[in-house]
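Each chain is listed here by its residues.
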Amino acid sequence: MRRNTAPFLSALILSLVLAGCGGGEPSGGEAAETPSGAAAGTPAPTGNAVVSGSVTFQGTPPQRQRLRLDADCQALHDGPVLAENVIVNENGTLRNVFVYVKEGLEGGPFTPPAEPVVFDQQGCVYIPHVFGIMAGQTLRILNSDPFLHNIHALPEVNRPFNFGMPKQGDVREQSFRVPEVMVRIKCDVHPWMSAYAGVLGHPFYSVTGEDGTFTIANLPAGSYVIEAWHEEYGTATQNVTVAEGETATVSFSFGAGT
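This write-up is about the structure you can find in this document.

Procedures and definitions
- Residues numbered from 1 in each chain as written.
- Predicted model: local features only at pLDDT ≥ 70, side-chain atom pairs only at ≥ 80, totals over all residues.
- Heavy atoms only, no water.
- Helix = DSSP H or I, 4+ residues; strand = E, 2+ residues; numbered from the N terminus.
- Buried < 20%, exposed > 50% of the residue type's maximum accessible area, 1.4 Å probe, protein only.
- Pairing = 2+ DSSP bridges.
- Axes fitted to C-alpha atoms, helices over the stretch in contact; angles between N-to-C directions.

Structural notes on the environment of Arg-159
Looking at where Arg-159 falls in the secondary structure, it is placed in the loop between strand S7 (149-154) and strand S8 (161-165). Take Arg-159: its relative accessible area is 41%, and that puts it in the partly exposed class. Sequence separation of Arg-159 and Arg-177 is 18 residues, and the distance between their C-alpha atoms is 7.7 Å.

This is the structure we're talking about:
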């Protein structure tokens, strides 16, 4: 007697179709991850306390070195392009110092902002050179140059990424899963290009600019360890206590001997 195999075949085909439509990795070939700090729940505490200050440079400022750009990259500039690893401002302060709350925060998680951090490639230079971003926040990477760049992130605890952006106007988006201070980013095509990302689980950070100052706002009242990081001179920390509605001032100092 012949067995009726139609019900078995129908079930097999249905299971194969369902397997092909769901599960596995998302499009793009990278497994989905749940970013640290992005979990749902009670909103993390914020306040109206502020920690601000400046980062000064001690000693004789080093002369900024000229970058050895290739002909195509140099053609995008009217003059020499200088390295950004040590920039001492006219007022004696230090630029590109990442300052953040290292210890003392309570509660959480802190939800990453919906707005992305924009990271551009202009004239074969990364802009910005040093920046902060929350774990789980989108990093929108642009290529404003008319030729190939390569984006190679070198984290120690996050998942690295490495891809090319061959055309002007290319846009790619990435994110970091967990906090990490700092993550170096380089271009394998143009070896002078480098940048640093400070990845945090909270929004309380700042980067010194042309006046060498920083401001960390919307803090809850409390006692904190504030750390300042510089790519050449390392880190320094200070303890600070700030009350609700008040501003605490902290100053850091770096130099060739530090």
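Comments concerning the sheet that holds strand S13 (residues 213-219)
Judged by pairing direction, the sheet is mixed, and its three strands sit side by side in the order S13-S1-S16 without closing on themselves. Two strands bound the open sheet, and with one partner strand each, they are S13 and strand S16 (247-255). Between one strand and the next, the sheet's axes are offset by a mean angle of 20 degrees, whatever the strand orientation. Direction of pairing for strand S1 (residues 49-58) relative to S13: antiparallel, over a ladder of five bridges. In the sheet register, Ser-54 faces S13, and the bridge partner there is Thr-213.

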